[in-house]
Amino acid sequence: MILCICTINLNNSAGVERTAASLKSVMSNPQIGCVFIDGLSKDNSLEIARKYWPVEQILAERDDGIYEAMNKALRYSAKYYLWLNSGDELADVDAEALLTLLSKGHDCIQFSVEEVSPDTSTSLWSASAKFSKTSIPSFHHAGLIVASDVIRRLSGYDQTYRMCADFKLACQISNMNGINYHSVPTVLSRFYRDGISSKNSLIYENFRVLWETKRSLLIPYFYHWFRMRYPVRMLMKNTLGNL
């Protein structure tokens, strides 16, 4: 297959239905394979999945976290991979136009993503114009299509991370020599925010990713991050107010 769309799931039967419905338009294309990877859900997720995914493209077994499950997708042979996890949706995509784009030999392609908040409000995440060694990549895994040889060279997602292995993968890709990156402003998917991420854990894991992959950019990155979240005026007000 040319493109493997991988859906990871655990106990999210409603999400399975939503994702499956969005994939119907591409499931019939012989060059696009859709695989469903389940961590042995205790709800009726697998029962629903069997109505949509071919049985040979369903893998149900226990895992040690989302990134181990995402790496299991690499058991299926394809030239490119896209992870569209349970609950997220593929936007209205012209399958033939997408396959034509993939035939151009890019190492990775970043599309824009529509993010949906728990209150159903939406925002647009726009594809980054470039990936480079001298910058921190802005990326979204629900819109990132990666070539098989690239992700296998990096041994997939780092399973020692709980939430930021996709950020680390993007940083590793941007560090590779001669990477053929392409950005597309078109929305490829809708990503539903589930609110499970801990802010403290995210800060720690983001710091760890940058320490391991972009150490020279670490101080400028966190200086910018701090300024964005704690404007100088607020910082001065809080400081002077405590005198």
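Preceding this paragraph is the structure being described.
Residues numbered from 1 in each chain as written. Predicted model: local features only at pLDDT ≥ 70, side-chain atom pairs only at ≥ 80, totals over all residues. Heavy atoms only, no water.

**Concerning the nonpolar core**
Step number 1: Counting residues in each nonpolar core, the largest one holds 70 residues, and the members touching the most others are L3, I5, W53, W83, L90, I145 and I173.
Step number 2: Here the element with the most residues in this core is helix 6 (residues 165-175); it accounts for six residues.
Step number 3: When residues no more than four places from it in sequence are discounted, the contact partners of I5 are L23, V26, I32, G33, C34, V35, L82, L84 and L90.
Step number 4: Membership of the second largest hydrophobic core comes to five residues, among which are V113, W125, A127 and A142. (Core = buried A, V, L, I, M, F, W, Y, C linked by side-chain atoms within 4.5 Å. Buried < 20%, exposed > 50% of the residue type's maximum accessible area, 1.4 Å probe, protein only. Helix = DSSP H or I, 4+ residues; strand = E, 2+ residues; numbered from the N terminus. Contact = heavy atoms within 4.5 Å.)

**Some words on the side chain of K72**
Step number 1: Within the fold, K72 resides in the loop between helix 3 (66-71) and strand 4 (80-83).
Step number 2: If we ignore the near neighbours within four places in the chain, the residues touching K72 are I37, L59, E61, R62 and D63.

**Observations regarding the environment of E61**
Step number 1: The residue E61 is located in the loop between strand 3 (58-60) and helix 3 in this model.
Step number 2: By relative accessible area, E61 is classed as partly exposed at 26%.
Step number 3: Here the alpha-carbon distance between E61 and S41, two residues 20 residues apart in the chain, equals 9.1 Å.
Step number 4: Apart from the residues within four sequence positions on either side, E61 is in contact with D38, G39, L40, K72 and R75.
Step number 5: In terms of polar contacts, E61 uses its side chain to reach the side chain of K72, at 3.1 Å. (Polar contact = N/O pair within 3.5 Å; in protein donor to acceptor, adjacent residues only side chain to side chain.)

**Things to note about the packing of aromatic side chains**
Step number 1: Enumeration over the complete set of coordinates arrives at seven aromatic pairs.
Step number 2: Their ring planes at 25° and their centres at 5.8 Å tell us that Y81 and W83 sit as a pair that is stacked. Each member of the pair Y81 and W83 is classed as buried.
Step number 3: Between F207 and W211, the ring centres sit 6.4 Å apart and the planes meet at 10°, which makes this aromatic pair stacked. Note that F207 and W211 are positioned in helix 7 (residues 199-213) at a spacing of four residues, about one turn of the helix.
Step number 4: A residue is classified by how much of its surface remains accessible, and F207, at 39% relative accessible area, is partly exposed.
Step number 5: A relative accessible area of 43% places W211 in the partly exposed class.
Step number 6: Ring pairing ties together the aromatic residues Y67, Y81, W83 and Y157, which thus form one cluster.
Step number 7: The ring centre of Y192 lies 3.7 Å from the NZ or CZ of R18, which sits over that ring.
Step number 8: Its end group placed over the ring of W211, R215 keeps NZ or CZ at 4.0 Å from the ring centre. (Phe/Tyr/Trp six-rings, centres within 6.5 Å; stacked < 30°, edge-to-face > 60°. Lys NZ or Arg CZ within 6 Å of the ring centre and 35° of its normal.)

**What to know about the packing of helix 1 (residues 13-27) against helix 2 (residues 45-52)**
Step number 1: Two numbers describe how helix 1 lies on helix 2: the axes approach to 10 Å, and their chain directions differ by 10°. Our classification of the angle between helix 1 and helix 2 gives roughly parallel. Of the residues in helix 2, those in contact with S13, V16, E17, A20, K24 and M27 of helix 1 are S45, I48, A49, K51 and Y52. (Axes fitted to C-alpha atoms, helices over the stretch in contact; angles between N-to-C directions. Parallel < 35°, antiparallel > 145°, perpendicular 65-115°, else oblique.)

**So, unusual backbone geometry**
Step number 1: Even without glycine at this site, T120 takes up a positive phi of about 75°.
Step number 2: Looking at the element boundaries, T120 is found in the loop between strand 6 (108-116) and strand 7 (122-125).
Step number 3: For S155, which is not glycine, the phi dihedral falls at a positive 60°.
Step number 4: Structurally, S155 can be placed in the loop between helix 5 (148-153) and helix 6.

**A word on the pattern of salt bridges**
It is possible for side chains of opposite charge to pair when their charged atoms get near one another.
Step number 1: This model, assessed by the stated rule, comprises nine salt bridges.
Step number 2: Between E61 and R75 there is a salt bridge, with its nearest N and O atoms 2.9 Å apart. Here E61, found in the loop between strand 3 and helix 3, pairs with R75, found in the loop between helix 3 and strand 4; they are 14 residues apart in sequence, far enough to count as distant.
Step number 3: E212 is the partner of R208 in a salt bridge, and the nearest nitrogen-oxygen pair spans 3.1 Å. Taken together, the positions of R208 and E212, both in helix 7 and four residues apart, correspond to about one turn of that helix.
Step number 4: Where salt bridges share partners, they join D158, K168, R208 and E212 into one cluster. (Salt bridge = Lys/Arg side-chain N within 4 Å of Asp/Glu carboxyl O.)

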